[in-house]
Amino acid sequence: FEEVAKFRAARKMWANIMKELGATDEKALMLRFHTQTGGATLTAQQPLNNISRVTLQTLAAVLGGTQSLHTNGFDEALGLPTQEAASIALRTQQIVAFESGVTDTVDPLAGSYFIENLTNEVEQEALKIMQQIDEMGGSVMAIENGFMQNKIADSAYAYQKKIESKEKIIVGVNEFKSETSTQIPILRIDEKIRQEQIEKLNAFKSQRDDAKVKASLLAIKNAAMGTTNLMPVVIEAVEHHCTLGEISDTLRTVFGEYQS
């Protein structure tokens, strides 16, 4: 329910902020967002229980009005998803989309006292945090001051304390444990794939125009050092077959890397 309220509050806040900025096109007032189910909430213990967790998270996202959705594999806590885990994740989306009927109604929980009240609470608390960030001088200053990082760390610490005290029950972890362990297949990545990828990258680089690559990366550096819009020069660099690593390294020479 909190996830539903969070998405509903975000959509409402977006529309209001866009209006304040002067947007008049109705489509500009529509918040479009992607949702991924919570991989961090999935457990290595009794991993098949994660299918139920992902289903609940999927349903919450849809009830909240997401336009795009990724469902995690039930083996997320153990490794990259196997083909079976990926298939079950996909089928979970399809069952919610085509069998549950929740997609037939826009904002199906609207009007519920609990949901409406929770949505308003989330909105008010979010606006307070935005006000704090504005008073700090914006998001960049807030990050440099450790504000976001501390908020996340505090939340993670409080969550873990609740698990350890059993104030929050995690099935199979701190309650309803099983004496026997469920053995599921784990995806193992063949080491030779790394070498194959290196060979593909080398072959890719050998077929491009090095002069255009160097010129494109220099254009990115010059744009980064000034006030020019980076997007056009980055697009041009990609069209001249510069790699993501080369583009990122060029930007690092100008901006460096942020250290918390």
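Scroll up for the structure.
This write-up is about the structure you can find in this document. The residue numbers shown here count from 1 along each chain, following its written sequence. Only residues with pLDDT of at least 70 are given local features in this predicted model, and only at 80 or more are side-chain atom pairs given and counted; all residues enter the totals for whole chains, interfaces and linings. Excluding hydrogens and water, the side-chain figures rest on all heavy atoms present in the structure.

**Side note on the side chain of T43**
Here a strand is any run of E in DSSP of at least two residues, a helix any run of H or I of at least four, and the numbering for each starts at the N terminus. Looking at the element boundaries, T43 is found in the loop between β1 (34-36) and α2 (50-64). At 2.7 Å, the side chain of T43 and the backbone oxygen of Q45 are in polar contact. Dropping the residues within four chain positions of it, T43 is found in contact with N50, R53, A77, I170 and V173. For the purposes of these results, a polar contact is taken to be a pair of N or O atoms within 3.5 Å, where, inside protein, one atom must be able to donate a hydrogen and its partner to accept one; residues adjacent in sequence count only when each atom of the pair is a side-chain atom. Throughout, a contact is declared for two residues whenever any of their heavy atoms are within 4.5 Å.

**Things to note about the side chain of R208**
Locating R208 in the fold gives a position in the loop between α7 (192-206) and α8 (210-225). Burial classification: accessible surface area is computed with a 1.4 Å probe over protein chains only, and a residue below 20% of its type maximum counts as buried, one above 50% as exposed, and the rest as partly exposed. The exposure class assigned to R208 is buried, which follows from its relative accessible area of 12%. Here H241 takes part through its backbone oxygen, which lies 2.7 Å from a polar atom of the side chain of R208. At 2.6 Å, the side chain of R208 forms a polar contact with the side chain of E246. Those residues in contact with R208, other than ones at most four positions away along the chain, are V213, H240, H241, C242, T243 and E246.

**A look at helix α1 (residues 2-20)**
Residues that lie three or four places apart on an α-helix share one face, since the helix turns once every 3.6 residues. To estimate the expected span of a helix, subtract one from its residue number and multiply by 1.5 Å. For α1, which comprises 19 residues, the first-to-last C-alpha distance of 26 Å matches the rise-based estimate of 27 Å (1.5 Å per residue) to within 8%. Of the residues making up α1, those classed as buried are V4, A5, F7, R8, A9, M13, A15 and M18. Residues of α1 that are buried make contact with β1, α2 and α4 (113-136). Looking at the residues trailing α1, positive phi occurs at G22, about 100°.

**A short note on a nonpolar patch on the surface**
On the surface, a cluster of nonpolar side chains totalling about 370 Å² of accessible area is made up of L80, L187, I189 and I193. Exposure remark for I189: the relative accessible area of 54% places this residue in the exposed category. To count toward a patch, a residue needs a relative accessible area above 30% and no salt bridge. Like charges then connect within 9 Å, nonpolar side chains (Val, Leu, Ile, Met, Phe, Trp, Tyr) within 5 Å. For accessible areas, the Shrake-Rupley method is used with a probe of radius 1.4 Å. Any residue's cover is judged against the shown protein chains and nothing else. A carboxyl oxygen of Asp or Glu within 4 Å of a side-chain nitrogen of Lys or Arg is what we treat as a salt bridge.

**Description of unusual backbone geometry**
One non-glycine residue, Q46, adopts positive backbone phi at about 45°. Here Q46 shows up in the loop between β1 and α2. With relative accessibility at 21%, the residue Q46 sits in the partly exposed group. Phi at K166 takes a positive value of approximately 65°, unusual for a residue other than glycine. On the secondary structure map, K166 appears in the loop between α6 (147-164) and α7. Taking the relative accessible area as the measure of exposure, K166 reaches 42% and is therefore partly exposed.

**Overview of the packing of helix α9 (residues 230-239) against helix α10 (residues 244-255)**
Interaxial angle, 0 to 180 degrees, is taken between N-to-C directions of lines fitted to C-alpha atoms, where a helix line uses only the stretch in contact. One can describe the packing of α9 onto α10 by two numbers: an axis separation of 11 Å at closest approach and a directional angle of 145°. Contacts between α9 and α10 pair L230, V234, A237 and V238 from the former with I247, L251 and F255 from the latter.

**Re the pattern of salt bridges**
Within this structure, the stated rule accounts for 11 salt bridges. Between K12 and E123 there is a salt bridge, with its nearest N and O atoms 3.0 Å apart. Taken together, the residues K12 in helix α1 and E123 in helix α4 connect sequence positions 111 residues apart. Here D249 ties to R252 by a salt bridge, and the two come within 2.7 Å at their closest N and O atoms. Residue D249 and its partner R252 are both found in helix α10; the two are separated by 3 residues, about one turn of the helix. A residue is classified by how much of its surface remains accessible, and R252, at 38% relative accessible area, is partly exposed.

**Digging into the environment of T250**
The topology assignment puts T250 in helix α10. Put simply, T250 and N222 are 28 residues apart on the chain and 9.9 Å apart in space, counted from C-alpha to C-alpha. Ignoring sequence-local partners within four residues, the contact set of T250 consists of L217, I220 and K221.

**Some words on the packing of aromatic side chains**
In summary, the pairing rule links any two rings of Phe, Tyr or Trp, Trp by its six-membered ring, whose centres are within 6.5 Å, and it sorts them by plane angle into stacked for under 30 degrees, edge-to-face for over 60 and tilted for everything else. Scanning the model with the defined rule gives 2 aromatic pairs in all. Where F1 meets F114, the ring centres are 5.5 Å apart and the plane angle is 90°; that geometry is what we call edge-to-face. One end of the pair, F1, is in the segment before α1; the other, F114, is in helix α4, and 113 residues separate them in sequence. With a relative accessible area of 45%, F114 lands in the partly exposed category. Arranged with centres 5.0 Å apart and planes meeting at 35°, the rings of F7 and F33 form a pair that is tilted. Taken as a pair, F7 in helix α1 and F33 in the loop between α1 and β1 lie far apart in primary sequence, 26 residues in all. Here F7 and F33 have matching classes, each one buried.

Any functional reading would require information beyond the geometric quantities listed.
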